[in-house]
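If you want the building blocks of each chain, they are given just below.
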Amino acid sequence: MFDRRTVDNHKPFHDSMVVVVFQQDGSFLALPYRYIQQHSIANSSFLAKAPSGEKEKNGNETVSYKIVQQNNNQQIIETKLRTQSQITVAKYTATTSTVTPIESRIYNLQFIIMATLSALIIILLIQLLLKWKSQRNHRHKQT
C-alpha cells in the first residue's frame, strides 16, 4: 500500500477519489469526491442497483465499483480508478442523496515497477559478488 487515508488518521482524502453517481436509466457517472462535496446532484442517486460495474473514462482510465455491504437504504461501495500510473481505491457509505467517505488508498504503479527493478539489480550484484568471491577463494586454495 502506498498511501492510505481514513477518517481516523485525519488526512484529507485523495483528490483522485471517485464516487459513482447512478442515473435513472441505470447508467453511472464517476465523479471526483471533491466535486460531490461542492455540488448538488439532481435526478441521481448514490445507491447502486447492480452489485458491480465498470466503464472506461477519458479514454485511458477505467472506473469500477462494487457493493461491499448493504443495509436497508445504505450501501458501502468500493470504487477503483485505474490510470496508467496509479490505482486509487475508495470506500464510502452511500445513501440516496449522501456520501460519507471511509477511506482512500493510492497504489503508485511506477513506484512498484522501480522497486522491482531495484530489487533485481541488487540480486544480480549479489550474485556477481558471490561468484567473484568464490573464484578468488578457489585461486587461493590452488596456490
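It should be noted that the structure appears before, not after, this text.
These lines cover the structure that appears in this document, whether it is placed above or below.

Cut-off values and rules
Residue positions are counted from 1 within each chain, in the order its sequence is given. Reporting of local features is limited, given that this is a predicted model, to residues whose pLDDT is at least 70; pairs of side-chain atoms are given and counted only at 80 or more, and all residues count toward the totals for whole chains, interfaces and linings. The side-chain quantities take in all heavy atoms of the structure and omit both hydrogens and water. Strands are runs of DSSP state E lasting at least two residues, helices are runs of H or I lasting at least four, and both sets are numbered from the N terminus onward. What the globule rule says is 2.2 Å times the number of residues to the power 0.38, and the radius of gyration is computed from C-alpha atoms. Here, a strand pair is defined by DSSP locating no fewer than two bridges between the strands. Ring geometry is summarised as follows: Phe, Tyr and Trp rings, the Trp one being its six-membered ring, pair when their centres sit within 6.5 Å, and such pairs are stacked at plane angles under 30 degrees, edge-to-face over 60 and tilted between the two. Burial classes: relative accessible area under 20% of the type maximum marks a residue as buried, over 50% as exposed, and values in between as partly exposed (1.4 Å probe, protein chains only). Helix axes are fitted only over the stretch in contact, all axes being lines through C-alpha atoms; the angle between N-to-C directions runs from 0 to 180 degrees.

A tally of helices and strands in the chain yields two helices and nine strands. Helices and strands appear in the chain in the N-to-C order β-β-β-α-β-β-β-β-β-β-α. The C-alpha radius of gyration computed for the chain amounts to 24 Å, which surpasses the reference 15 Å derived for 143 residues by more than 25%, pointing to a less compact arrangement than a globule. Projecting the C-alpha coordinates of the chain onto the three principal axes gives extents of approximately 90 × 35 × 25 Å.

What follows concerns the sheet that holds strand E4 (residues 44–45). Strands belonging to one sheet form pairs held by backbone hydrogen bonds; the direction of such a pair is parallel or antiparallel. One open sheet holds the three strands; their spatial order is E3-E2-E4, and the pairing between them is antiparallel. The open sheet has two edge strands with one neighbour each: strand E3 (28–32) and E4. As paired strands, strand E2 (residues 18–23) and E4 are joined by two bridges and run antiparallel to one another. Within the sheet, the bridge partner assigned to Gln23 lies in E4 and is Ser44.

Take the pairing of strand E7 (residues 74–82) next. Bridge count for strand E6 (residues 61–71) against E7 is nine bridges, and the pairing is antiparallel. Bridged to Ile67 within E7 is Ile77. The turn joining E6 and E7, which pair antiparallel and follow one another in sequence, is formed by two residues; a positive phi near 45° is taken by Asn72. With eight bridges joining them, E7 and strand E8 (residues 86–94) adopt antiparallel strand pairing.

The way to describe two aromatic rings as a pair is by their centre distance and the angle between their planes. Scanning the model with the defined rule gives four aromatic pairs in all. Look at Phe22 and Phe28: their rings are 6.0 Å apart centre to centre, the planes differ by 50°, and that puts the pair in the tilted class. As far as burial versus exposure is concerned, Phe22 and Phe28 are alike and both buried. Within the aromatic cluster, the residues linked to one another by ring pairs are Phe22, Phe28 and Tyr65.

Before going further, it helps to examine unusual backbone geometry. Positive phi is not limited to glycine here, since Asn43 has a value of about 55°. Tracing the chain through its elements places Asn43 in the loop between helix H1 (33–38) and E4. With a phi angle near 45°, Asn72 is a residue other than glycine that sits in the positive phi range. Here Asn72 shows up in the loop between E6 and E7. By relative accessible area, Asn72 is classed as exposed at 77%.

Within the open sheet, the six strands sit side by side as E1-E9-E8-E7-E6-E5. Their pairing is antiparallel. Every other strand in the sheet has two partners, leaving strand E1 (3–6) and strand E5 (52–57) as the edge strands with one partner each. The average undirected angle you get between the axes of adjacent strands in this sheet is 15°. Both E5 and E6 contribute to a ladder of six bridges, which runs antiparallel. The residue bridging Lys57 from the neighbouring strand is Glu61, located in E6.

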